[in-house]
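# Understanding the architecture of this molecule
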Amino acid sequence: MFLTINQCSSTEPRPRPFVLGIGGTTRPNSTSESALRRALSLAEEAGATTEMFPGQLLSLPLYNPNSLYRTNEAEALIDALRRSDAVIFASPAYHGSISGLVKNAIDYIEDMREDNRPYLADRAVGAIISAYGDQAIGSTLSTMRNITHSLRGWPLPIGVGINALRCTFDEDCEPSDAHVDSQLRIMAQQAVRFAQMIASQRLSPSSCI
Ligand SMILES: Cc1cc2nc3c(=O)[nH]c(=O)nc-3n(C[C@H](O)[C@H](O)[C@H](O)COP(=O)(O)O)c2cc1C
């Protein structure tokens, strides 16, 4: 909701931003899904509310721009995207790029092209990439950031690359590598901070911007 208030105050309490997580694979508890759960939990610690669409909820029909029909699952995804203040995507590196599962989910964002906040406008966008090696992390992260630019989102300064051969996640989604955890924490904090900054602009009269 876009509000106008009469005063601008840097001490004004900010609403809890809504950080949406999308990603993982069809395998429950995959590396990318576990990392995403961890990032969302850290975003909550930083003051956000969160929701997550893991891989199992992303088995959507191939996006069809020529059809108005959407499954309930696709409508739920688009609804959550519309409500989001920040989005964190998590994908495995498949052949040097993001997975088809995650890309197809992203294609549904085309349904938001005529929204007041079209595509991912005004949203911080984080990326988590897992791979069986280091090489594909770079290309896949770069792809995710290019997609974010195309969708008018704001890629977060930090992207998290996870070499799944070196880092595993326990049942509480805590990573074995403290450096990975630190990167996920910084990204989650950046997502919340950016969303709060955007929200403060919406709440401020233009003279305060
Ligand atoms: C179809 C397919 C393509 C893959 N391509 C790559 C690749 O190009 N580079 C790489 O490091 N890992 C590649 N992997 C390995 C995945 O990135 C890895 O399984 C995933 O990041 C971590 O596994 P998990 O999410 O199932 O736990 C590929 C895996 C599959 C199934």
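Residues numbered from 1 in each chain as written. Predicted model: local features only at pLDDT ≥ 70, side-chain atom pairs only at ≥ 80, totals over all residues. Heavy atoms only, no water.

Under an unreviewed UniProt entry, the protein has the name FMN reductase and belongs to Mesorhizobium hawassense.

## What to know about the overall build of the protein
Which entries qualify depends on this criterion: Note on conventions: DSSP H or I runs of at least 4 residues are helices, E runs of at least 2 residues are strands, and numbering of each starts at the N terminus. Throughout, exposure labels follow a simple rule: accessible area from a 1.4 Å probe, protein chains only, divided by the maximum for the residue type, with under 20% read as buried, over 50% as exposed, and the rest as partly exposed. Between two residues, a contact is recorded if the distance between any of their heavy atoms is within 4.5 Å.
If you tally the helices and strands in the protein, you get five helices and seven strands. Going from the N terminus to the C terminus, the protein shows its helices and strands as β-α-β-α-β-β-α-β-α-β-β-α. When each of the 209 residues of the protein is scored for burial, the buried share is 51%. Of all intrachain contacts in the protein linking residues separated by at least 6 positions in sequence, the fraction that spans at least 24 positions is 77%.

## Comments concerning helix α2 (residues 72-83)
The line we're drawing: Expected helix span is taken as 1.5 Å per residue step, with the number of steps being one fewer than the number of residues. Relevant arc is that of directions from the helix axis to the C-beta atoms, nothing else.
Spanning twelve residues, α2 covers 17 Å between terminal C-alpha atoms, matching the ideal 16 Å at 1.5 Å per step. Looking at α2, one finds that the buried residues are A74, L77, I78, A80 and L81. One face of α2 carries all of its buried residues, which in axial projection span an arc of 160°. Considering only its buried residues, α2 is in contact with β1 (18-23), β2 (49-54), β3 (86-94) and α3 (100-107).

## Here's the deal with the site of the ligand
Heads up, the rule is: We call a residue near a given molecule or strand whenever any one of its heavy atoms falls within 4 Å of it. Each polar contact in these results corresponds to two N or O atoms within 3.5 Å; when the atoms are within protein, one needs to be able to donate a hydrogen and the other to accept it, and residues that are neighboring in sequence are counted only if both atoms are side-chain atoms. In these tables, accessible area is a Shrake-Rupley quantity obtained with a 1.4 Å probe, and a residue counts as shielded only by the protein chains included in the view. Here the nonpolar group is Ala, Val, Leu, Ile, Met, Phe, Trp, Tyr, Cys and Pro; Asp, Glu, Lys and Arg are the charged ones; every other residue, Gly included, is treated as polar.
Close to the ligand lie 15 residues, the nearest being R27, T31, A93, H95 and S130. Take H95: an N or O atom from its main chain is 2.8 Å from a nitrogen atom of the ligand. One nitrogen or oxygen atom from the side chain of S130 is found 2.7 Å from an oxygen atom belonging to the ligand. For the ligand, whose free accessible area comes to 630 Å², the fraction covered by protein is 72%. Mapped onto the shell around the ligand, the elements with two or more residues apiece are α1 (31-45), β3 and β5 (124-131). Looking at the shell around the ligand, the element that brings in the most residues is β3, giving three residues. For the shell around the ligand, the per-class residue count stands at seven nonpolar, seven polar and one charged.

## A look at the layout of surface pockets
Filter applied, for reference: Cavity and pocket criteria rest on a 1 Å grid covering protein atoms alone: a 1.4 Å probe that fits but cannot get out defines a cavity, protein on both sides within 12 Å along at least 5 of 7 lines defines an open pocket, and an atom within 4 Å of a point defines a lining residue. Grid points are joined across faces, edges and corners, and a volume is the space filled by probe spheres set on the points.
Here the second largest pocket is characterised by a volume of approximately 270 Å³. Lining the second largest pocket, in full, are T25, R27, S30, T31, S32, P92, A93, Y94, S130, A131, Y132 and A164. Mapped onto the lining of the second largest pocket, the elements with two or more residues apiece are α1, β3 and β5. At three residues, the largest contribution of residues to the lining of the second largest pocket is made by β3. Its residues placed into classes, the lining of the second largest pocket shows six nonpolar, five polar and one charged.

## Side note on helix α4 (residues 135-150)
An ideal rise of 1.5 Å per residue puts 22 Å on 16 residues; α4 measures up with 24 Å between its terminal C-alpha atoms. At its buried positions, α4 is contacted by β3, β4 (97-98), α3, β5, β6 (154-155) and β7 (160-163). Of the residues flanking the end of α4, it is R152, one or two places downstream, whose phi is positive at about 70°.

## Regarding the nonpolar core
For soluble globular proteins, nonpolar side chains are generally found buried alongside one another. Heads up, the rule is: The criterion is simple. A nonpolar core is a set of buried Ala, Val, Leu, Ile, Met, Phe, Trp, Tyr and Cys residues joined through side-chain atoms within 4.5 Å.
I22, L77, L81, F89, I106, I109 and L120 are the most contacted members of the largest nonpolar core, which totals 33 residues. Contributions of two or more residues to this core are made by β1, α2, β3, α3, β5 and α4. No other element matches α2, which puts five residues into this core.

## Regarding the side chain of T31
Take T31: it is sitting in helix α1. A relative accessible area of 18% places T31 in the buried class. Residue contacts for T31: discarding those within four places in its chain leaves S130, I162, A164 and F169.

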